[in-house]
Amino acid sequence: MTRFLRCGREAVLAEVDDLDAALALYAALRAAALPGVTDLVPAARTVLIRFDPAVTSPAAVREAAAVLEPDGRGQAYAGSVEIPVSYDGPDLTEVAEHLRITPDEVVARHTGTPWTVAFAGFAPGFGYLTGGHPSFDVPRRTTPRTRIPAGSVGLAGRFSGVYPGDSPGGWQLIGSTTERMWDLDRPEPALLLPGVRVTFKAVQR
Amino acid sequence: MTVTVLRTGPLAVFKDAGRPGHAHQGVAPSGAVDRAAYARANALAGNPSGAAVLECTLGGLRVRFDEPAVVVLTGTDAVLTVDGERTGVEEVVEVPAGATVAVTMPRRGLRSYLAVRGGFAVPPVLGSRSTDQLGMGPARPAPGDVLRIGPVPGNPGDTPALAPPADGPLEVDLGPRDDWFTPDAIETFLGAEYTVTPASNSVGLRLDGPPLTRARTAELPSEGVVRGSVQVPPDGRPIVFQADHPVTGGYPVIAVLTPESADRAAQLRPGATVRFTRAPG
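Small disclaimer: the values here were computed from a predicted structure and weren't measured.

Novice: Report on the overall build of chain A, specifying residues and quantitative values.
Specialist: Helices and strands together make up the secondary structure of chain A, namely five helices and 13 strands. In terms of C-alpha radius of gyration, chain A reaches 18 Å, essentially the compact-globule figure of 17 Å for 205 residues. Principal-axis analysis of the C-alpha atoms gives chain A an extent of 55 × 35 × 30 Å. Per-residue burial for chain A yields a buried fraction of 52% across its 205 residues. Once local pairs closer than 6 in sequence are excluded, the contacts in chain A between residues at least 24 apart make up 59%. Total accessible area computed for chain A in this model is approximately 9,500 Å², and 51% of it derives from carbon and sulfur atoms.

Novice: Just give me the short version of the overall build of chain B, but keep the residues and values in it.
Specialist: Helix and strand counts for chain B come out as three helices and 21 strands. The C-alpha extent of chain B, read off along each of the three principal axes, is 60 × 40 × 35 Å. Burial status across chain B gives 57% buried among its 281 residues. Residue pairs at least 24 apart in sequence account for 75% of intrachain contacts in chain B once pairs closer than 6 positions are excluded.

Novice: I'd like a rundown of the interface of chain A and chain B, residues and numbers included.
Specialist: Listed as interface residues are 35 residues of chain A and, on the opposing side, 33 residues of chain B. For the pair chain A and chain B, the summed buried area comes to about 2,600 Å², and 59% of that belongs to carbon and sulfur atoms. Of all residues in chain A, A:Arg6, A:Arg9 and A:Arg50 give up the largest surface area on contact with chain B, accounting jointly for 21% of the area buried on that side. The interface formed by chain A and chain B holds four salt bridges in total. Put simply, chain A and chain B have 15 residue pairs in polar contact (both at pLDDT 80 or more) between them. Secondary structure elements with two or more residues in the side of chain A that touches chain B: strand E1 (3-6), strand E2 (11-15), helix H1 (19-32), strand E3 (37-42) and strand E4 (46-51) of chain A. Sort the elements by how many residues they give to the side of chain A that touches chain B and E3(A) lands first, with five residues. Taken together, the residues that form the side of chain A that touches chain B break down as 20 nonpolar, five polar and 10 charged.

Novice: Go over unusual backbone geometry, please, and point to the residues and values.
Specialist: Residue B:Pro176 is reached from B:Gly175 by a cis peptide bond, and omega for that bond is 5°. By the element assignment, B:Pro176 lies in the loop between strand E12 (170-174) and helix H2 (183-189). Even without being glycine, A:Ala33 reaches a positive phi, approximately 45°. Along the chain, A:Ala33 falls in the loop between H1 and E3. Unusually for a residue other than glycine, B:Ser30 sits at a positive phi of about 50°.

Novice: Pulling in residues and values, what's your account of the sheet that holds E1(A)?
Specialist: Strand pairing in a sheet relies on backbone hydrogen bonds. The paired strands run either parallel or antiparallel. Residues and elements named next belong to chain A. If you walk across this open sheet you meet the four strands as E1-E2-E4-E3, and the pairing is antiparallel. Only two strands of the sheet have a single neighbouring strand rather than two, namely E1 and E3. For this sheet, the mean angle separating the axes of adjacent strands, direction not counted, is 25°. Note: E2 against E4, five bridges, orientation antiparallel. Looking across to E4, one finds that Ala14 is bridged to Val47.

Novice: How would you summarise the pairing of strand E4 (residues 61-65) of chain B if you had to cite specific residues and measurements?
Specialist: Residues and elements named next belong to chain B. Of the two faces of E4, only one is covered, namely that formed by Leu61, Val63 and Phe65; the face formed by Arg62 and Arg64 stays uncovered. Pairing analysis gives five bridges linking strand E1 (residues 2-8) to E4, with the strands arranged antiparallel. Bridge pairing links Val3 to Phe65 in E4.

Novice: Please set out the pattern of salt bridges residue by residue, giving values where relevant.
Specialist: Counted under the stated rule, the structure contains 19 salt bridges over all chains. The closest approach of N and O atoms between B:Arg40 and B:Glu90, which form a salt bridge, is 2.9 Å. Taken together, the positions of B:Arg40 in helix H1 (residues 35-45) and B:Glu90 in the loop between strand E7 (85-86) and strand E8 (93-95) put the pair 50 residues apart, joining distant regions of the chain. Here B:Asp179 and B:Arg216 are joined by a salt bridge, their closest N and O atoms 3.0 Å apart. Within this pair, whereas B:Asp179 is found in the loop between E12 and H2, its partner B:Arg216 is found in the loop between strand E14 (204-208) and strand E15 (223-224), the two being separated by 37 residues in sequence. Its relative accessible area of 38% is what places B:Arg216 among the partly exposed residues. Through salt bridges that share partners, A:Arg3, A:Glu15, B:Arg177 and B:Glu223 make up one connected network.

Novice: Describe the confidence of the model for chain B, listing the residues and the values that go with them.
Specialist: For chain B, per-residue confidence averages 94 on the pLDDT scale, and residues scoring 70 or more make up 96% of the total. Reported for the predicted complex are a pTM of 0.92 and an ipTM of 0.94.

Novice: Give me the lowdown on the packing of aromatic side chains, citing residues and values where you can.
Specialist: Residue and element names in this part refer to chain A. Counting across every chain of the model gives 13 aromatic pairs over all chains. A centroid spacing of 5.5 Å and a plane angle of 65° characterise the contact between Phe126 and Tyr163, whose relative ring orientation is edge-to-face. Here Phe126, found in the loop between strand E6 (115-120) and strand E7 (127-130), pairs with Tyr163, found in the loop between strand E10 (159-162) and strand E11 (167-169); they are 37 residues apart in sequence, far enough to count as distant. There is no split in this pair, since Phe126 and Tyr163 are both buried.

Novice: Please set out the nonpolar core residue by residue, giving values where relevant.
Specialist: If you look at the biggest cluster of nonpolar residues, it comprises 33 residues, and the most contacted ones within it are A:Ile83, A:Leu192, A:Val198 and A:Phe200. Looking at this core, the elements with two or more residues in it are strand E5 (80-85), helix H4 (92-99), helix H5 (103-112), E6, strand E9 (152-156) and strand E13 (197-202) of chain A. With residues near it in sequence (within four places) discarded, A:Val198 still touches A:Val81, A:Ile83, A:Pro114, A:Trp115, A:Val117, A:Leu129 and A:Leu192. In terms of nonpolar packing, the next biggest core, distinct from the first, is built from 27 residues, B:Phe65, B:Ala99, B:Phe120 and B:Ile149 among them.

Thresholds, definitions, all that
Residues numbered from 1 in each chain as written. Chains lettered and ligands numbered in written order. Predicted model: local features only at pLDDT ≥ 70, side-chain atom pairs only at ≥ 80, totals over all residues. Heavy atoms only, no water. Helix = DSSP H or I, 4+ residues; strand = E, 2+ residues; numbered from the N terminus. Rg over C-alpha atoms; globule rule 2.2 N^0.38 Å. Buried < 20%, exposed > 50% of the residue type's maximum accessible area, 1.4 Å probe, protein only. Contact = heavy atoms within 4.5 Å. Areas by Shrake-Rupley, 256 points an atom, 1.4 Å probe, with all protein chains shown as cover. Buried area = accessible area lost by both parts, 1.4 Å probe. Salt bridge = Lys/Arg side-chain N within 4 Å of Asp/Glu carboxyl O. Polar contact = N/O pair within 3.5 Å; in protein donor to acceptor, adjacent residues only side chain to side chain. Nonpolar A, V, L, I, M, F, W, Y, C, P; charged D, E, K, R; others polar. Pairing = 2+ DSSP bridges. Axes fitted to C-alpha atoms, helices over the stretch in contact; angles between N-to-C directions. pLDDT = per-residue confidence, 0-100. Phe/Tyr/Trp six-rings, centres within 6.5 Å; stacked < 30°, edge-to-face > 60°. Core = buried A, V, L, I, M, F, W, Y, C linked by side-chain atoms within 4.5 Å.

What follows is the structure, given as structure tokens:
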């Protein structure tokens, strides 16, 4: 059941029960391309629907969105990617100690279960990945690093992610990839779009 | 036609109507912080509504034109000087070839919008010529840069709208997360006076004043936010998101400013005081 929350004069916030429902609603909204809707922001339990108030209204958007029937197949349309990772991150040992497993086992678990891009945030092209191995739940670093190089692969809470550009950050870094997360020459610059299935593959470098 | 940058002042960035449609890949809409003043600048200059302008914080910009041009400055009580000669507030000015144009320091307001007929022709990034606080978009102009101006439009632009009234409380609609706050906090929010702190920028207006108490202390999963969202972090002091806000926020949003009030908020300087009131309708 979708709840619609008031969010000013140019948006409506649709709230659902969980991430799967949010991704399904997001896919349905994208497919529906409702008149006047300018932007969709999927998140953990919500989809923000931004619109042009000169074209439509909160009531019209709510009505149109309420009759959509998300079918949960959003992921099927979003596609999948494989990301080669060199597992040589500075926090690999610490993560292994925290989980009481070997570094090799961290790699096996990170590569062994496919992830799903839940939503984007933090920076252009940064996708929050969920659905990995159930044992992954690691704290952020107590002191964030001031500079993390692009391509760093990290863990935080139950999420995994790949830093698209050099930036500060507090995630535990377990490896790195040469794959570009953000490329303005692509039609959609972000590689990790909501709903995309992601598999990590261990490589030597 | 080109414009040579001689001095930029404290902060000058290219802005336009922003880049909607990319939030799902983590790209904020950005765009002019005071949208109404931006729209007025283009309308007065005879530009189409999406043309790029320079958003100048606290004046100080100085440029030289190689050819005759039509320019206008909106948003504050700052004015343009042409070879040292002052012009009027929001006056459409014809600049002769070779003239130096400067933006004076505003006494009221913070962000002025300089439109040149034809618009600044910097290459767009993801369909927009706005530079946001995170660096997405064209590089900031620097002294010595030679900026290209686009072809002069054949059709006159839109009819300029009037400037919004400058005073009075900022109007908000409660929600989406007003139910995360105590009734006392809502009353405080809609009654108390808040002061704009120096930590404010085009991402957010950080306010100091009576803290707002939460009714729910659970952690809110991050969710999409809009321009004008009043987010309340654990210290209870509200932050009003402005044009360059991130796509999502992790703290509950108690209310959202109307678009007109978000434009007025864009002109508040550190030290200014604000109140919030419910918007009619």
